[in-house]
Structure formats: C-alpha cells, structure tokens
Amino acid sequence: MLAGTLSETLQRLDNAAKAAHRPVPRLLAVSKLKPAADIAALAAAGQRAFGENYVQEAQAKVAELAGLGLEWHLIGHLQSNKAELAAQLFDWVQTVDRPKLVTALGSARPVDRPPLKVLIQVNVDDEAGKHGCRPEQVDALAAAIAGQPGLSLRGLMAIPTPHADIERRRPAFRCMRELFDDLAARHRQVDTLSMGMSDDFAVAIAEGATMVRIGTALFGARPPKPQGIPA
Ligand SMILES: *Cc1c(COP(=O)(O)O)cnc(C)c1O
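About the thresholds
Residues numbered from 1 in each chain as written. Predicted model: local features only at pLDDT ≥ 70, side-chain atom pairs only at ≥ 80, totals over all residues. Heavy atoms only, no water. Near = heavy atom within 4 Å. Polar contact = N/O pair within 3.5 Å; in protein donor to acceptor, adjacent residues only side chain to side chain. Areas by Shrake-Rupley, 256 points an atom, 1.4 Å probe, with all protein chains shown as cover. 1 Å grid on protein atoms, 1.4 Å probe; cavity = no way out; pocket = protein on both sides within 12 Å on 5 of 7 lines; lining within 4 Å. Sits in = over half its atoms within 2 Å of the grid points. Nonpolar A, V, L, I, M, F, W, Y, C, P; charged D, E, K, R; others polar. Points joined across faces, edges and corners; volume = space filled by probe spheres on them. Salt bridge = Lys/Arg side-chain N within 4 Å of Asp/Glu carboxyl O. Buried < 20%, exposed > 50% of the residue type's maximum accessible area, 1.4 Å probe, protein only. Helix = DSSP H or I, 4+ residues; strand = E, 2+ residues; numbered from the N terminus. Lys, Arg positive; Asp, Glu negative; His and termini not counted. Contact = heavy atoms within 4.5 Å. Pairing = 2+ DSSP bridges. Right-handed = clockwise from strand over helix to strand, strands pointing away.

**Some points on the site of the ligand**
- Inspection of the region around the ligand gives 13 residues, with Lys32, Asn53, Ser198, Thr216 and Arg222 positioned closest.
- Between an oxygen atom of the ligand and a side-chain N or O atom of Asn53, the distance comes to 2.8 Å.
- Within the backbone of Gly215, a nitrogen or oxygen atom sits 2.8 Å from an oxygen atom of the ligand.
- Protein chains bury 89% of the 390 Å² of accessible surface belonging to the ligand in isolation.
- More than half of the atoms of the ligand fall within 2 Å of the grid points belonging to the largest pocket.
- Per-class residue counts for the shell around the ligand are 6 nonpolar, 4 polar and 3 charged.

In structure tokens form, the structure reads like this:
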C-alpha cells in the first residue's frame, strides 16, 4: 500500500517539475508520529531520506531501523539542551536558526562521523513567535556554520504561513529562492532549498525547491501529537 503511495507521490513531483521546467526535487518522507514499520515499508520500496520532528521519538526509530542505511533529517524545532543528542543521531538538521545552536551542534558532532549537514531555517514571513531566523540574519549564521568543522552548510529551509489560498504562499517561496541563490553564490557546497509540503509542493517546486518534505500525502493523516511528548 505504502509502496503504491510512494510511486504516486514521486510521479506527482515529477509532473510538477516538468510543468514548471524545474529539476525534480528530492523527496523527504516526513514520518513523525508514524510507526517504524511504516518507515521500513517505504524503505523497502526505495525511499532513503526520512524527516522527524521530535528528538526522542526519532531516537527510538533510528535504533530500531539501524542497518537499513537510512538518512535521518531533523525538521522540528531543536532546543539547545537536545543539541548534543541531535548531533549524534541525525545526518541532517534543517532547523538551525540561532548562533547558540551552531556552537552546540558543531562541538557535539562526533569526530568519527562526517560533518553534520545543516540548513538554516528562515522565518520568511517574519511572523511573530515563529521559529527561524530573520532573512537578514542568514549571512551571519552561515559564516558561523562555516567556522565549525563538524558542520556542513547545505542551504535553507522554510515553513511559510499556511494561507488557505495556496497561491498566497507563492511570494514566500519566491523570496526563499532569492535568499538561496545569494547564499549559494557565496558558499560552494550549498545545494539544498527545503520547502513545500503535502498541500503546496507544486507551488514550492515551481519557485525552485530542491527538496520537498511530505508526510500526509505519503503516510496518510497523522494521529494528534500526544500531550507531553518532548520536543
Ligand atoms: C509535519 C511537517 C511536514 C509534513 O507536512 P505534511 O503536510 O504532512 O506533508 C513538513 N515539514 C515540517 C517542518 C513538518 O513539521
């Protein structure tokens, strides 16, 4: 069942990219609040990259599925006191948004592992109370990341305001692509612009996403987040 949904989703990404004359983006399968068995089923169908939001939930799944050669991305907000565990567990952290996290992740990355790939999360709509740095803070954070041998800066990530009218999300995606092009011009290894989810990936792809993060369209609706699940 999940194998069929995966090939349908890959086909939809392909169609969206063709329609917009853009390269086909990478698919990150967002598996938060879904059981390890679902991840194993998608892995058996060929999916490699998975996104998780909660460090402790991810820790259990990474342990259970060790040996499958999966690539784990943290896409949820990261508290500084969980940075050490995150630096050991994940291959990518997409939610770096403040200098303190850069230092904490950089110093905690085990030296026998390749550098941790990181994306800077941008609060592109400048919404009060939302995670992500302001667009004008990207340069300083990028410089801080470049100074950490344990980290490798790969690009930017955003979760635009979820306007019900999907077209109203387009300007935020476009703004992200401009920030991304500026950053890539200054940092050679920057190649990833992570934006677009189940309901808006076509617009994100049209505006230049290189990675889309898709949960619901792949795995079905999620259970509500249980009370008290630690971030
Ligand atoms: C949950 C989540 C997604 C996936 O959302 P869907 O609408 O289920 O595709 C993508 N990105 C982030 C940061 C998320 O937290």
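**Structural notes on the layout of surface pockets**
- Looking at the largest pocket, its volume works out to about 390 Å³.
- Forming the walls of the largest pocket are 19 residues, and the residues nearest its centre are Lys32, Asn53, Ile75, Met197 and Arg222.
- Residue composition of the lining of the largest pocket, by class: 8 nonpolar, 6 polar and 5 charged.

**Things to note about the pattern of salt bridges**
- What the rule picks out here adds up to 18 salt bridges.
- The closest approach of N and O atoms between Lys130 and Glu127, which form a salt bridge, is 3.0 Å.
- The class for Glu127 is partly exposed, based on a relative accessible area of 26%.
- Here Asp139 and Arg186 are joined by a salt bridge, their closest N and O atoms 2.4 Å apart. Linking Asp139 in helix α6 (residues 138-146) with Arg186 in helix α7 (residues 170-186), this pair joins segments that are 47 residues apart in sequence.
- On the basis of relative accessibility, which here comes to 49%, the residue Arg186 falls in the partly exposed class.
- Overlapping salt bridges, with partners in common, bring together Glu167, Arg170, Arg174 and Glu207 in one network.

**Comments concerning the side chain of Lys32**
- Tracing the backbone through its elements, the reader meets Lys32 in the loop between β1 (26-30) and α2 (36-44).
- Notably, Lys32 is buried but unbridged: the nearest opposite-charge side chain belongs to Glu52, and the N-O separation is 8.7 Å.
- Discounting residues that sit within four places of it in the chain, Lys32 has contacts with Gly51, Glu52, Asn53, Tyr54, Glu57, Lys61 and Arg222.

**Concerning the pairing of strand β4 (residues 92-96)**
- Of all 5 residues making up β4, 5 are buried, and the element is well covered by its neighbours.
- Relative to strand β5 (residues 116-121), β4 is paired through 3 bridges, and the arrangement is parallel. What sits directly across from Val93, in β5, is Val118.
- In terms of handedness, the path from β4 via helix α5 (residues 99-108) over to β5 forms a crossover that is right-handed.

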